Amino acid sequence: MKNTITKSFGLGDYAIKGAQIDGFSMTLHDREHLSTEVKYVPACCDSFTKDQVEELIQRIMEKARYFMEKLHENIKCKIILMDFEETGFTPDSDLPSIEVRSLEKLHVIYRFSVEYYI
């Protein structure tokens, strides 16, 4: 049935080169809404530099695009950057205007939802 979320992705699907996953949880709110929280930390050092954060955000966008390619067309993915005043965007939109800074970790929520019924 394409009106419900019946497929999710595993921990390995959220892995991003240059970062380690330090926290991971999934919450199925109902059959139409799933949130996956991931906390990324640097793989090599104590904190991400500003440039590394920018690159990580780009890779997160690529990851969300990948998810959307694998899901039914009516299931969308929105990304919430918790460390930037909960700024949200979709992978098919332009990156919102945020002031990127160095961080010890990057807390992201991938929010999947049924956008319309088919």
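Residues numbered from 1 in each chain as written. Predicted model: local features only at pLDDT ≥ 70, side-chain atom pairs only at ≥ 80, totals over all residues. Heavy atoms only, no water.

1. Section: the overall build of the chain
- A count of helical and extended segments in the chain gives one helix and five strands.
- Going from N to C terminus, the chain has its helices and strands arranged as β-β-α-β-β-β.
- Against the globule reference of 13 Å for 118 residues, the chain gives a C-alpha radius of gyration of 14 Å, in line with a compact fold.
- Classification of the 118 residues of the chain by burial places 40% in the buried group.
- Across the chain, the fraction of contacts at a sequence separation of at least 24, relative to all contacts at a separation of at least 6, is 66%.
- Looking at the chain as shown, the accessible area adds up to about 6800 Å², and 44% of this sits on carbon and sulfur atoms.
- The distance from the centre of the 15 positive side-chain charges to the centre of the 20 negative ones in the chain is 5 Å. (Helix = DSSP H or I, 4+ residues; strand = E, 2+ residues; numbered from the N terminus. Rg over C-alpha atoms; globule rule 2.2 N^0.38 Å. Buried < 20%, exposed > 50% of the residue type's maximum accessible area, 1.4 Å probe, protein only. Contact = heavy atoms within 4.5 Å. Areas by Shrake-Rupley, 256 points an atom, 1.4 Å probe, with all protein chains shown as cover. Lys, Arg positive; Asp, Glu negative; His and termini not counted. Charge placed at Lys NZ, Arg CZ, Asp CG, Glu CD.)

2. Thoughts on the nonpolar core
- In terms of nonpolar packing, the biggest core is built from 30 residues, with Tyr 40, Ile 60, Tyr 110 and Phe 112 touching the most fellow members.
- No other element matches the seven residues that helix α1 (residues 50–70) contributes to this core. (Core = buried A, V, L, I, M, F, W, Y, C linked by side-chain atoms within 4.5 Å.)

3. Observations concerning the packing of aromatic side chains
- Applying the stated criterion to the full structure yields nine aromatic pairs.
- Here the aromatic rings of Phe 9 and Phe 67 are separated by 4.3 Å at their centres, their planes lie at 25°, and the arrangement is stacked. In this pair, Phe 9 is assigned in the segment before β1 (19–30) and Phe 67 in helix α1, connecting sequence segments 58 residues apart. The burial state of Phe 9 is the same as that of Phe 67; both residues are buried.
- Ring-pair connections join several aromatic residues into one group, and the members of that group are Phe 9, Tyr 14, Phe 24, Tyr 66, Phe 67, Tyr 110 and Phe 112. (Phe/Tyr/Trp six-rings, centres within 6.5 Å; stacked < 30°, edge-to-face > 60°.)

4. With respect to the pattern of salt bridges
- According to the stated counting rule, one finds one salt bridge in the structure shown.
- The salt bridge partner of Glu 55 is Arg 59, with a shortest N-O separation of 2.6 Å. Of the two residues, Glu 55 and Arg 59 are both situated in helix α1; the distance of four residues between them amounts to about one turn of the helix.
- According to the relative accessible area criterion, Arg 59 is partly exposed, its value standing at 25%. (Salt bridge = Lys/Arg side-chain N within 4 Å of Asp/Glu carboxyl O.)

5. Here we look at the pairing of strand β2 (residues 33–42)
- Burial of β2 is extensive: seven of the 10 residues sit out of reach of the surface.
- What sits between β1 and β2 in their antiparallel hairpin is a turn of two residues.
- Note: β2 against strand β5 (residues 106–114), eight bridges, orientation antiparallel. From the neighbouring strand, Val 38 faces β5, where its bridge partner is Val 108. (Pairing = 2+ DSSP bridges.)

6. Details of the pairing of β1
- Bridge count between β1 and β2: 10 bridges; the pairing is antiparallel. The partner of Gln 20 across the bridge, within β2, is Val 41.

Treat this as a map of the structure, not an account of what it does.
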